[in-house]
Amino acid sequence: MAMSLETPDKIRSLQRKLYCKAKAEPAFRFYLLYDKICREDILVHAYALARANAGAPGVDGVTFKQIDEQGVEAWLAGLREELVSKTYRPDPVRRATIPKPGGGERPLGIPTIRDRVVQTAAKIVLEPIFEADFEDSAYGYRPRRSAVDAVKETHRLMIRGYTDVVDADLSKYFDTIPHAELLKSAARRIVDRHVLWLLKLWLKAPVEERDGKGTRRMSGGKSSKRGTPLGGVVSPLLANLYMNRFLKHWRLSGCGEAFRGHIVNYADDFVILSRRHAEEALAWTEAVMTKLGLTLNEAKTSVKDAHGESFDFLGYTLGPRRFPKDGRRYLGAGPSKRSVLRIKTKVGELLTPGNKGAWPQVSKRLNRLLAGWAAYFAYGSTAAAYKAVNNHVYDCVRNFLRKRHTSGQDAASTGSPTNIFTENCRCCASNASLMRRRRGPDNEASRKAGCGKSARPV
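Because the structure is predicted, anything quoted here is derived from the model rather than measured.

(A) Layout of the pattern of salt bridges. Under the definition given, this model contains 18 salt bridges. Two residues, K21 and E25, come together in a salt bridge whose shortest N-O distance is 2.6 Å. A residue is classified by how much of its surface remains accessible, and K21, at 30% relative accessible area, is partly exposed. R217 is the partner of E209 in a salt bridge, and the nearest nitrogen-oxygen pair spans 2.9 Å.

Spelled out as structure tokens, the structure:
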């Protein structure tokens with residue numbers, strides 16, 4: 001079955017109609033949506049999107065390769081029959097953990113492929129409706145918006161004088177969203193009981209965990225009252241839907257005028273930028289979050305004066321900086337020290353002596369890693385961060401290939417260690433002149449230029 005990731009015209013037309021109706025009539029409640037989720041063309045497109053995202057198998061161990069071998073059409077037909085006959089029930093969610101940037105581990109829920117496909121189909125239908133209601137201050141998991149857009153808006157507001165900052169952190173947001181209130185938020189727009197039934201099924205899906213010995217342990221299920229598993233296809237949409245209650249309340253309560261401030265939100269991360277009313281904004285936020293059943297992490301939430309203190313937001317550090325030539329102060333943005341340390345750690349983990357892969361394959365992986373990092377961290381003052389990363393990559397690659405040359409491994413393909421950067425590693429050597437050519441940090445030219453060719457791949 002040939003599949004394209006481009007949204008088919010028929011589906012795009014449906015999404016456009018749903019969005020326009022929702023935007024034109026804010027009080028309208030949608031019905032007869034479940035049949036749209038069951039449509040064959042939507043399920044086919046949902047499968048294509050889910051397959052493109054790849055990912056590990058769920059509790060049933062079924063992979064995309066197995067489905068392709070057995071026949072996608074028959075598999076989708078069976079799934080559609082379950083949906084149409086209302087016999088569909090989600091499988092348990094497999095619990096995994098991923099390292100958190102600040103240390104520790106973050107729980108991740110991995111649904112089965114069949115559940116991912118149905119969730120993707122539901123997202124195709126529901127996202128245009130909810131998107132029409134989302135506040136402009138929200139940037140997370142939304143079409144044509146990104147984390148870097150949120151950083152840019154934060155920086156712009158600082159430059160405009162909103163320098164009293166509430167650097168807020170919600171405690172375990174995805175795990176503490178109350179189901180009852182979340183479903184009420186959905187029901188304000190969705191009256192189709194079968195769609196609400198689907199959402200409830202996913203929220204109540206049991207979670208399967210296995211310890212180091214492989215012992216199975218189940219949690220959650222029907223008794224669960226809170227949380228939407230991070231890792232589910234619809235989880236970001238539902239998380240945005242609930243956070244929108246806070247953002248909308250801010251706007252309707254006139255807090256922007258009362259506190260002379262603005263909110264910039266990305267998923268569970270947000271900052272409030274104010275003019276001399278940050279403390280009042282924080283007190284108001286704590287009270288509202290309590291009513292919503294959420295909690296601010298007191299240890300990580302603080303009030304900062306951006307003229308004298310910096311703060312981290314979405315991997316960037318924003319705050320006071322100095323021009324290197326004359327020492328004048330300005331409000332800038334750039335990759336945080338923690339972000340630089342993380343990419344250094346990843347490079348070091350890739351270029352360990354234990355990596356026996358052929359150099360062309362290793363360098364390809366290194367290229368992808370560096371290109372992804374540089375694409376994200378392309379805003380603001382990047383010269384110092386790029387230089388630190390380049391130097392680290394230079395040292396790591398040199399040591400990696402020197403040891404291989406000494407041992408004879410890949411000697412023919414890598415050449416002499418003294419020549420590795422002229423033939424194999426353009427990443428570091430080419431950047432010194434580019435760094436020198438960069439103009440003053442955070443001027444208009446540098447912001448528009450982005451990362452240019454600095455810290456480019458090998």
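(B) Summary view of the packing of aromatic side chains. Per the stated rule, a full pass over the model turns up 17 aromatic pairs. The interplanar angle of 40° and the centroid separation of 5.8 Å between the aromatic rings of F246 and W284 together place this pair among those described as tilted. Here the residue F246 occupies a position in helix α11 (residues 235-252), and W284 occupies one in helix α13 (residues 278-291), the gap between them amounting to 38 residues. With relative accessibility at 1%, the residue F246 sits in the buried group.

(C) How the structure looks around the packing of helix α1 (residues 9-24) against helix α3 (residues 40-53). Running from N to C, α1 and α3 point in directions that differ by 100°, and their axes come no closer than 10 Å. With respect to α3, the element α1 is oriented roughly perpendicular. Listed contacts from α3 to K10, I11 and L14 of α1 are D41, I42 and H45. Counted by class, the contact of α1 with α3 contains three nonpolar, one polar and two charged residues.

(D) Geometry of the sheet that holds strand β5 (residues 216-220). Here we have four strands laid out as an open sheet, ordered β2-β1-β4-β5, and mixed in their pairing. In this open sheet, the two edge strands, each paired with only one partner strand, are β2 (105-110) and β5. In this sheet, adjacent strand axes meet at a mean angle of 40° when their direction is disregarded.

(E) Examining a positive patch on the surface more closely. Together, K100, R106, K172, K300 and R338 give the surface a local cluster of positive charge. As for its position among the elements, K100 is in the loop between β1 (93-99) and β2.

(F) Spotlight on the nonpolar core. Ranked by internal contacts, the top residues of the largest apolar core, which has 73 residues, are L33, V117, Y173, F246, F270 and M289. Take this core: its biggest share by element is 10 residues, from helix α6 (residues 113-131). Formed by 44 residues, the second largest nonpolar core is a distinct cluster that contains V148, V271, L273 and W373.

(G) Layout of the environment of R404. Take R404: it is sitting in helix α16 (residues 383-407). Each C-alpha atom of the pair R404 and P353 lies 8.3 Å from the other, and the pair is 51 residues apart in sequence.

(H) Region of interest: the sheet that holds strand β3 (residues 164-169). Spatial strand order, β6-β7-β3-β8: four strands in an open sheet with antiparallel pairing. What marks the edges here is a single partner per strand, and that holds for β6 (261-266) and β8 (302-305). Strand-to-strand twist across the sheet, computed as the mean angle between neighbouring axes with direction ignored, equals 20°. Relative to strand β7 (residues 269-274), β6 runs antiparallel, the two being bridged by six bridges. Looking at β7, one finds that Y266 is bridged to D269. Together, β6 and β7 form the strand contacts of α11, whose direction differs from that of β6 by roughly 170°.

(I) Here's a closer look at the confidence of the model for the chain. Counting all residues, the mean pLDDT for the chain is 87, and 87% of those residues have values of 70 or more. For the stretch residues 415-458, pLDDT sits under 50, and the model shows 81 contacts to residues farther than four places along the chain or on other chains.

(J) Representation of the packing of α6 against helix α10 (residues 193-203) within the structure. Where α6 meets α10, the closest approach of the two axes is 12 Å, and the angle between their N-to-C directions is 135°. In this view, α6 runs oblique relative to α10, as classed from their interaxial angle. Crossing of α6 against α10: the hand is left-handed. Taking contact as the criterion, the partners of V118, Q119, A122 and L126 in α6 are, on α10, V195, L199 and W202.

(K) Focus on a nonpolar patch on the surface. On the surface, Y31, L32 and V191 cluster together to form a nonpolar patch covering roughly 310 Å² of accessible area. Locating V191 in the fold gives a position in the loop between α9 (179-187) and α10.

Procedures and definitions
Residues numbered from 1 in each chain as written. Predicted model: local features only at pLDDT ≥ 70, side-chain atom pairs only at ≥ 80, totals over all residues. Heavy atoms only, no water. Salt bridge = Lys/Arg side-chain N within 4 Å of Asp/Glu carboxyl O. Buried < 20%, exposed > 50% of the residue type's maximum accessible area, 1.4 Å probe, protein only. Phe/Tyr/Trp six-rings, centres within 6.5 Å; stacked < 30°, edge-to-face > 60°. Helix = DSSP H or I, 4+ residues; strand = E, 2+ residues; numbered from the N terminus. Axes fitted to C-alpha atoms, helices over the stretch in contact; angles between N-to-C directions. Parallel < 35°, antiparallel > 145°, perpendicular 65-115°, else oblique. Contact = heavy atoms within 4.5 Å. Nonpolar A, V, L, I, M, F, W, Y, C, P; charged D, E, K, R; others polar. Pairing = 2+ DSSP bridges. Patch = residues over 30% accessible without salt bridge, like charges linked within 9 Å, V, L, I, M, F, W, Y side chains within 5 Å. Areas by Shrake-Rupley, 256 points an atom, 1.4 Å probe, with all protein chains shown as cover. Lys, Arg positive; Asp, Glu negative; His and termini not counted. Charge placed at Lys NZ, Arg CZ, Asp CG, Glu CD. Core = buried A, V, L, I, M, F, W, Y, C linked by side-chain atoms within 4.5 Å. pLDDT = per-residue confidence, 0-100. Left-handed = near helix turned anticlockwise from the far one by under 90°.

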